[in-house]
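# Working through the structure, step by step
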Amino acid sequence: MAYIAHRCACGHLPAAHPQTGGCTQLAGRSCPGGPCSARRAAAPEVVPTWDAAGRPVTTIAAPGERLPGIGDTCDCPACTQLYEQHTAA
């Protein structure tokens, strides 16, 4: 399922950062410039996902929904607005 997220100041998605702020993309070391803390610094974006056959999954998780391996998706006004833009009939 696709989801909406803000990239961290380092450019990674929130799933790459445990609660400690260290970046798992760098084998547990901090991202350049130190621990990441401004997770909502960037505008939200739709993070695409694919199924096992490589087809894009077009369903987007609702803001605030809990996803396995991701946690709760952001439910800020900007994420909610982007979700509504992509799911409006």
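Residues numbered from 1 in each chain as written. Predicted model: local features only at pLDDT ≥ 70, side-chain atom pairs only at ≥ 80, totals over all residues. Heavy atoms only, no water.

## A short note on the overall build of the protein chain
Helix and strand counts for the protein chain come out as 1 helix and 6 strands. Reading the secondary structure of the protein chain in the N-to-C direction produces β-β-β-β-β-β-α. Looking at the protein chain alone, contacts between residues at least 24 apart form 52% of all its contacts between residues at least 6 apart. Counting every atom, the protein chain has about 5,500 Å² of accessible surface; 54% of that belongs to carbon and sulfur. (Helix = DSSP H or I, 4+ residues; strand = E, 2+ residues; numbered from the N terminus. Contact = heavy atoms within 4.5 Å. Areas by Shrake-Rupley, 256 points an atom, 1.4 Å probe, with all protein chains shown as cover.)

## A word on the nonpolar core
Judged by nonpolar contacts, A2, I4, I60, C74, C76, C79 and L82 together constitute the single largest core of 7 residues. Those residues in contact with A2, other than ones at most four positions away along the chain, are V46, V47, P48, T49, V57, T59, I60 and A61. In terms of nonpolar packing, the next biggest core, distinct from the first, is built from 6 residues, A5, L13, V47 and A61 among them. (Core = buried A, V, L, I, M, F, W, Y, C linked by side-chain atoms within 4.5 Å. Buried < 20%, exposed > 50% of the residue type's maximum accessible area, 1.4 Å probe, protein only.)

## Thoughts on the environment of R55
Along the chain, R55 falls in the loop between β3 (49-50) and β4 (56-57). Setting aside its immediate chain neighbours within four residues, R55 contacts T49 and W50. In terms of polar contacts, R55 uses its side chain to reach the side chain of D51, at 2.8 Å. (Polar contact = N/O pair within 3.5 Å; in protein donor to acceptor, adjacent residues only side chain to side chain.)

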